[in-house]
Amino acid sequence: MTTRLNPYLSFRDTAREAMEFYRTVFGGELTLSTFGDSGMPVEESESGNVMHGQLDTPGGFTLMGADTPSSMEVSTNGTVSLSGDDEPELRGYWDALAEGGTLGVPLETAPWGDTFGMLTDRFGIGWMVNIAGS
């Protein structure tokens, strides 16, 4: 197996909804396991929360995420970057992620010639999209 770098996102009680949303955006196969499935010691009310979620997309990338138990602090997520030269695909991702989210930088031509934008989706995750210029 080749070493891969995968974003791993942290949520508080919304991992299932978020990961299912990302599946609608990117397609692919989503696997979810709960704290209860794994026997992890958490509050009874959190046993159905996601201990590990993994989305493997047709485009070849993997996005992981989980709920953070109430006994722990939710880590601050960085920003997930999507970049490439397939403009229709990347604009489709942008439009889907922007639904219910907050626009940071509009997706438009940047000073370096690419099309670039930043937004925060409805789950509080930051996204940057960069479409290579011609």
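Residues numbered from 1 in each chain as written. Predicted model: local features only at pLDDT ≥ 70, side-chain atom pairs only at ≥ 80, totals over all residues. Heavy atoms only, no water.

Trainee: How do you make sense of the overall build of the protein when you look at a structure like this?
Mentor: Secondary structure summary: the protein contains 3 helices and 8 strands in total. Seen in sequence order, the protein has helices and strands lined up from the N terminus as β-α-β-α-β-β-β-α-β-β-β. Seen through its principal axes, the protein has C-alpha atoms that stretch 55 × 35 × 25 Å. For the protein, the residues scored as buried account for 37% of the 134 residues in total. Accessible area of the protein: about 7,600 Å², with a carbon and sulfur share of 50%. Averaging the locations of the 6 positively and 20 negatively charged side chains of the protein gives two centres separated by 2 Å. (Helix = DSSP H or I, 4+ residues; strand = E, 2+ residues; numbered from the N terminus. Buried < 20%, exposed > 50% of the residue type's maximum accessible area, 1.4 Å probe, protein only. Areas by Shrake-Rupley, 256 points an atom, 1.4 Å probe, with all protein chains shown as cover. Lys, Arg positive; Asp, Glu negative; His and termini not counted. Charge placed at Lys NZ, Arg CZ, Asp CG, Glu CD.)

Trainee: Sorry if this is basic, but what is going on with the sheet that holds strand β7 (residues 115–120) here?
Mentor: Across a sheet, strands are paired by hydrogen bonds formed along the backbone, either parallel or antiparallel in direction. With mixed pairing, the 4 strands of this open sheet are ordered in space as β5-β8-β7-β6. Of all strands in the sheet, those with a lone pairing partner are β5 (79–84) and β6 (102–109), marking the two edges. Direction aside, the axes of adjacent strands within the sheet are offset by 10° on average. (Pairing = 2+ DSSP bridges. Axes fitted to C-alpha atoms, helices over the stretch in contact; angles between N-to-C directions.)

Trainee: Whenever I open this one, the pairing of β7 confuses me. Can you help?
Mentor: Remark: a regular strand shows side chains that alternate across the two faces of the sheet. Note: β6 against β7, 5 bridges, orientation antiparallel. Paired with Thr 102 across the bridge in β7 is Thr 120. Across 6 bridges, the pairing between β7 and strand β8 (residues 126–131) is antiparallel. Its bridge partner lying in β8, Thr 120 is registered against Gly 126. The hairpin formed by β7 and β8 contains 5 residues between the paired strands, and Gly 124 there has a positive phi angle of roughly 85°.

Trainee: I tried to follow the sheet that holds strand β3 (residues 50–56) on my own but got confused; where do I start?
Mentor: Ordered by their spatial adjacency, 4 strands build an open sheet running β1-β4-β3-β2, and the pairing between neighbours is mixed. The sheet terminates laterally at β1 (8–11) and β2 (29–34), the two strands that pair on one side only. For this sheet the average axis-to-axis angle between neighbouring strands, irrespective of direction, equals 15°. Pairing of β3 with strand β4 (residues 62–67) involves 4 bridges; the strand directions are antiparallel.

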